[in-house]
Amino acid sequence: MNASHLIGRCFAPKFLLAALAVVLPVTLQAGVTIRILGDSDVGAGGKWMRAVCQEWAKKTGNTLEYVNRPKDASDTLRQCQQNWAAHSPDVDVYMIDVIWPGIAAPHAVDLKKYYTDADLKQFFPRIVENNTVKGKLVSIPYFTDAGLLYYRTDLLKKYGYSDPPKTWEELAEMAKKIQDGERKDGKNDFQGFVFEGTASESITCNAVEWIYSFNGGSVIDPDGKVTINNPNAVKALDNAKSWIGTISPKDVTTYGEDDARNVWQQGNAAFMRNWPYAYSLGQASDSPIANKFDVSVLPKGGDSGKNAAALGGWNLMVASYSKNPDVAADLVKFLASPEIQKRHAVDISLLPTRPELYKDSEVIGKNPFFAKMLDVLNNAVSRPSTVTGSDYGQISAAIYQNANKVLNGGESGQDAVVNIERVGKQILQ
Amino acid sequence: MKKQSTKSIALRGLFYLLVVFLLVFNLFPFLWSLYSSFRPSNQLFSSDILPPFSHDGQFDLGYGIANGLTLDHFRSIFADPRFVAALINSIIVSGATVLVALGLGSICAYALGRLPFRFKGPVLYLVLTMTMFPQIAVLSGLFMMLQTLGLFNTQPGLILTYLIFTMPFTIWVMTQYFRSLPKELEEAAYVDGASPLKVFWEILLPLTMPGLVSTGLLAFIAAWNEFLFALTFMITEPMKTVPVVISQFSGVDPRQFPWGEIMAASMVVTVPLVILVLIFQYRIVEGLTAGAVKG
Amino acid sequence: MAKEIDLYARQKRLAWFLVTPAVFIVLLIVAYPLIQVVYTSFFRAKLDGSVEPKFVGLDNYANILADPDWWSAVRVTLLFTVFSVGIEAALGLGVALVANSKFKGRTLLRVAVLVPWAIPTVVSSQIWRWMFNQIYGVVNVIMVSLHIVPETDKIAWLAAPATALPVIIAVDVWKTTPFMSLLLLAGLQLIPKDLYEAASIDGAGPLKKFFSVTFPLVLPTLLVALIFRTLDALRVFDIFYVMVQGQAGLQTMAVYNQIQLILFGKSGYGSAVSVIILLIIMTFVVLYTRLSKTSFE
């Protein structure tokens, strides 16, 4: 480690000169060590990000140490909070979830001074707004996410359907027919619909989508009014309950993102709700389902409902405890630059945070579904993180525990909304 | 006489049945993971639990082995420098933890079990309190302490925190051992004019060797398997220990949950412990019988 | 006489000398976190220091005791502790007795018994989670092939508390029985052989021998093992955390603690939970020591 550090120092000036001349508008200190807590190695994101960060290090003559985050988002948040509480300079750049700016704000460098207003306008305004807490730009959008419906084009055709389902009712009907047919053909493990039902942030996203799609609101509205206790929200939860054991396996209530994807990726499900990362993995040349599926917006709750997609995504922040905030901010700018975001989208199908890239022919060529994504993202529903701020964890836990309990048959949808409402009111009082 | 022997044969049969049950109960999950670590990924996610033994409608063992077992997972983990570094890290941290815990723990236990000492009760209660704290609760306190001492993200820092769960256990068990040894042993030595330290070193310590070996082994395993502290206090890659690396394992193919790799890595970290047990089992038994019979 | 007094004084001096380093370490790594947790428990405070801590007296404690989720966690923890420690003690003694008798393949059994203990908890929880997977899990596959459950209605073991808790207890029993049996085996081997010979001469059968010789002599070791296992079980975290995450009705006290302290970042409330857990565990220790009449002197 020391040796590489020394090498970094000796050779840094050369690289720096070159880099300065080509890209960097700001003067940098040469050869410091930057640590980034980046994407998890589970899935493709971590490997990709690690390599790109090293490119930056090589280009700028700095040393980069990559800190692999835990697979689970909650574990990652714990690690972040611990470092922040100790004012630890050990990590300079953090990749944070779109729901954490309220928690992270006191520990972040205001990134406004590194961007002009014109620069910032190139990102989705909605995410920049989400990342701005009391006038402070806490983080820069790195990639965004939205819930999608994955469906098997070959099986839809086989059972006489031409289009993906418009409503959840249609989805249930189609899933049942395909599941019964496939099982009759000897595929006993075939499932109609898989999703993330485990009691964690995963099901919170799903539940927010169900409720919003049935016109049940977004749990807490932006003005701080708790809206969850309404008949449409109850209907949405009870509707999800009706899938368990009919079109979804009973232990879907223990599935996280990758558990659902495992079933899907083996060709054992007709429909799946998941994030865009599953697209490029499913289309890989040796994947059993390559060219046999497509994605669409999630169904509406009844004919009068809405297409709802939960807004997800990750952002990059610089800790105010960093010893080299300017260098760290340079790494952030590099990672969020149009060039890198484009490669991100082409290589591993993660959604860029710059709208212009959705018109890029190379990006669309690799991920045809991106063309529909602008619309999906513009209509995406946010989890109630802005209004609850650093108490978001509590409302999310209330949502995921109660939604999971409903699916397991532990309580009715009506009980669930009452319980979630109680927690929401406690937080906001 | 005849009746007696049928009865004893039946008892013997029952006894072996019990042995077989215990073997299956203890080993099945391990063997199942071992088997899983050799299966190709596409077969892991299917409900056919056996390799494809039938081929062209005929039973074919060779075909089953060739198509149902693979060394890929092992190749891929050993090609990963992070896994290899983590192995070495785990060995250093666990080994040092055991040495410190046994060293300090056993001399403390000798004093508590054998020597006149006024504060035995308070010390043992203190030691016990130490074990009672939920690890989650001490986590943030320990984190602050390591930062203050400048030991965050270092091996000595992790070793220090591992003493929380290895020291009390060592002190307790070793105190029991020292207490159970007969008084006459040391009295004779004291009559001959030996010093208390010499009595400890030359007479009592060798007798407690089996206890030291088994507590040392348990301490080693506990340190080797520890997850929460390692996850929190060691953040950069060259510092991570095996359980953390396994839990963050990505495998070669991001398209599949790296179940095969996880199983292969688990086998690699478990086998050295099994070998340790095999070696020390002999010492435990020999040392104990020799000590107990002669003493 | 003078020499004896001299020896006593030397022993006393040595004792101080030997105990100090261990106690110093204990104080270093426990005193700081302990004091901090007790102190924080009287405040309303955030883990990341984002709000100014405010002294609230015993409010945190009152709020915990009024929270139904806390009581559910207490119930789950106690159920888990009673069943897992009870089964482990009985099974561990059985294994130790078998492993202590002479028969062919004894070494194999002794090694086999230790294997589960040697597998990292993170991994073994995953193994079991995998074995109990509804679709691909070997348990359901076997049950289907034995026609215990129909193929179309495999059991979702980990989805509901009623089946998940027994599975988790089984995993814990599997994993920690070796600890029990190894300790008990060491205890058994300390029993002098001539006691058995004497009992044989008195005409005692195997059962009588067990109750008059083995059990009383192994009891102190059993109690030590029980104390340590109970303390562990009351703080159980990782098995539950890996196997069922935050599922309602399947939280233990430590999981509840983790959620409040870390996930919700309520450091005052979370610290108060830690203190209550500590008090509960201390009660168990006092009970055990009273029960066993173990004296510390």
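A quick note: this is a predicted structure, and the numbers were derived from the prediction, not measured.

Asker: Can you break down the overall build of chain C residue by residue, with the values?
Answerer: Along the backbone of chain C there are twelve helices and two strands. Listed N to C, the secondary structure of chain C is α-β-β-α-α-α-α-α-α-α-α-α-α-α in terms of helices and strands. Against the globule reference of 19 Å for 297 residues, chain C gives a C-alpha radius of gyration of 24 Å, more extended than a compact globule. Taken along its principal axes, the extent of the C-alpha atoms in chain C is 70 × 70 × 30 Å. The proportion of buried residues among the 297 residues of chain C is 48%. If you take every contact in chain C between residues at least 6 apart in sequence, the share linking residues at least 24 apart comes to 68%.

Asker: How would you summarise the sheet that holds strand E2 (residues 63-68) of chain A if you had to cite specific residues and measurements?
Answerer: Sheets are built from strands that pair by backbone hydrogen bonding, the pairs being arranged parallel or antiparallel. Residues and elements named next belong to chain A. Taken together, five strands build an open sheet; the order of strands is E2-E1-E3-E11-E6 and the sheet is mixed. If you trace the sheet from one side to the other, it starts and ends with E2 and strand E6 (140-146), each paired once. Each adjacent strand pair in this sheet contributes to an overall mean axis angle of 20 degrees, direction not counted. Two elements, strand E1 (residues 33-38) and strand E3 (residues 93-97), share two bridges in a ladder whose sense is parallel. By the bridge assignment, Leu37 is partnered in E3 with Tyr94.

Asker: Give me the lowdown on helix H9 (residues 184-191) of chain B, citing residues and values where you can.
Answerer: Little of H9(B) sits inside the fold, with zero of its eight residues counted as buried. Directly after H9(B), the chain includes B:Gly193, whose backbone phi takes a positive value near 90 degrees.

Asker: Please set out the interface of chain B and chain C residue by residue, giving values where relevant.
Answerer: At the junction of the two partners, chain B supplies 78 residues and chain C supplies 77 residues. With twelve residues, helix H14 (residues 259-294) of chain B is the single largest residue contributor to the side of chain B that touches chain C.

Asker: Describe the domain arrangement of chain A, naming the residues involved and giving the relevant values.
Answerer: Residues and elements named next belong to chain A. By domain assignment, chain A separates into domain 1 (2-138 + 312-378) and domain 2 (148-310 + 381-428). Here the C-alpha centre of domain 2 lies 30 Å away from the C-alpha centre of domain 1. Contact residues are listed per partner, giving 16 residues for domain 1 and 19 residues for domain 2. Contributions of two or more residues to the side of domain 1 that touches domain 2 are made by helix H3 (73-85) and helix H4 (101-104). Of the residues assigned to the side of domain 1 that touches domain 2, the class counts are nine nonpolar, seven polar and no charged.

Asker: Would you mind going over the sheet that holds strand E10 (residues 293-296) of chain A in detail, with residue names and values included?
Answerer: All names here are of chain A. As summarised here, the arrangement of the four strands in space is E8-E9-E7-E10, forming an open sheet in which the pairing is mixed. Of all strands in the sheet, those with a lone pairing partner are strand E8 (191-194) and E10, marking the two edges. Averaged over all pairs of adjacent strands, the angle between strand axes in this sheet comes to 15 degrees, irrespective of strand direction. Where E8 meets strand E9 (residues 269-274), three bridges bridge the pair, whose relative direction is parallel.

Asker: Explain the packing of helix H11 (residues 209-225) of chain B against helix H7 (residues 161-189) of chain C to me, and be specific about the residues and the numbers.
Answerer: Packing of H11(B) against H7(C) brings their axes to within 11 Å, and their N-to-C directions diverge by 175 degrees. Relative to H7(C), H11(B) is oriented roughly antiparallel. Residues B:Pro210, B:Gly211, B:Ser214 and B:Leu218 of H11(B) form the contact with H7(C), whose participating residues are C:Phe179, C:Leu182 and C:Ala186. The residue inventory of the contact of H11(B) with H7(C), partitioned by class, reads five nonpolar, two polar and no charged.

Asker: Break down the confidence of the model for chain A for me, with residues and values.
Answerer: Model confidence for chain A is summarised by a mean pLDDT of 88, while 93% of its residues fall at 70 or above. With pLDDT under 50 throughout, residues 1-29 of chain A is counted as low confidence; its partners more than four residues away or in other chains account for 33 contacts.

Asker: Would you mind going over the environment of A:Asp185 in detail, with residue names and values included?
Answerer: Tracing the chain through its elements places A:Asp185 in the loop between helix H8 (168-184) and E8. Expressed as a C-alpha distance, the spacing of A:Asp185 and A:Tyr115, which sit 70 residues apart in the sequence, is 59 Å.

Asker: Describe the interface of chain C and chain A, listing the residues and the values that go with them.
Answerer: Chain C puts 22 residues into the contact, and the matching count from chain A is 28 residues. The residue makeup of the side of chain C that touches chain A, split by class, is eleven nonpolar, eight polar and three charged.

Asker: So what about the environment of C:Met143? Which residues, and what values?
Answerer: Residues and elements named next belong to chain C. Examined against the element boundaries, Met143 turns out to sit in helix H6 (residues 138-145). Using a count of 16 C-beta atoms within 10 Å as the deciding quantity, one classes Met143 as partly exposed. Apart from the residues within four sequence positions on either side, Met143 is in contact with Ile148 and Val149.

Conventions we followed
- In every chain, residue numbers begin from 1 and rise along the written sequence.
- In the order they appear in the text, chains get letters beginning with A and ligands get numbers beginning with 1.
- Totals for whole chains, interfaces and linings use all residues, but because this is a predicted model, local features are given only for residues with pLDDT of at least 70 and pairs of side-chain atoms are given and counted only at 80 or more.
- Secondary structure elements follow DSSP: runs of H or I of four or more residues count as helices, runs of E of two or more count as strands, with numbering from the N terminus.
- The globule rule used here is 2.2 Å times the number of residues to the 0.38 power, and the radius of gyration it is set against is calculated over C-alpha atoms.
- Every C-beta atom is placed from the backbone, and the number of other C-beta atoms within 10 Å of a residue's own sets its class: buried at 20 or more, exposed at 12 or fewer, partly exposed in between.
- Contact between two residues is assigned when their C-beta atoms, built from the backbone, lie within 7 Å.
- Strand pairing follows a simple DSSP-based rule, namely that at least 2 bridges must link the two strands.
- Think of each axis as a best-fit line through the C-alpha atoms, taken over the contacting stretch in the case of a helix, with angles from 0 to 180 degrees between the N-to-C directions.
- Boundaries of every domain are those given by an automatic assignment or by a domain database.
- Here the term charged refers only to Asp, Glu, Lys and Arg, the term nonpolar to Ala, Val, Leu, Ile, Met, Phe, Trp, Tyr, Cys and Pro, and the term polar to all other amino acids, Gly among them.
- These descriptions rest on fixed angle ranges, namely under 35 degrees for roughly parallel, over 145 for roughly antiparallel, 65 to 115 for roughly perpendicular, and the rest for oblique.
- Each residue carries a pLDDT value, the predictor's own confidence for that position, ranging from 0 to 100.

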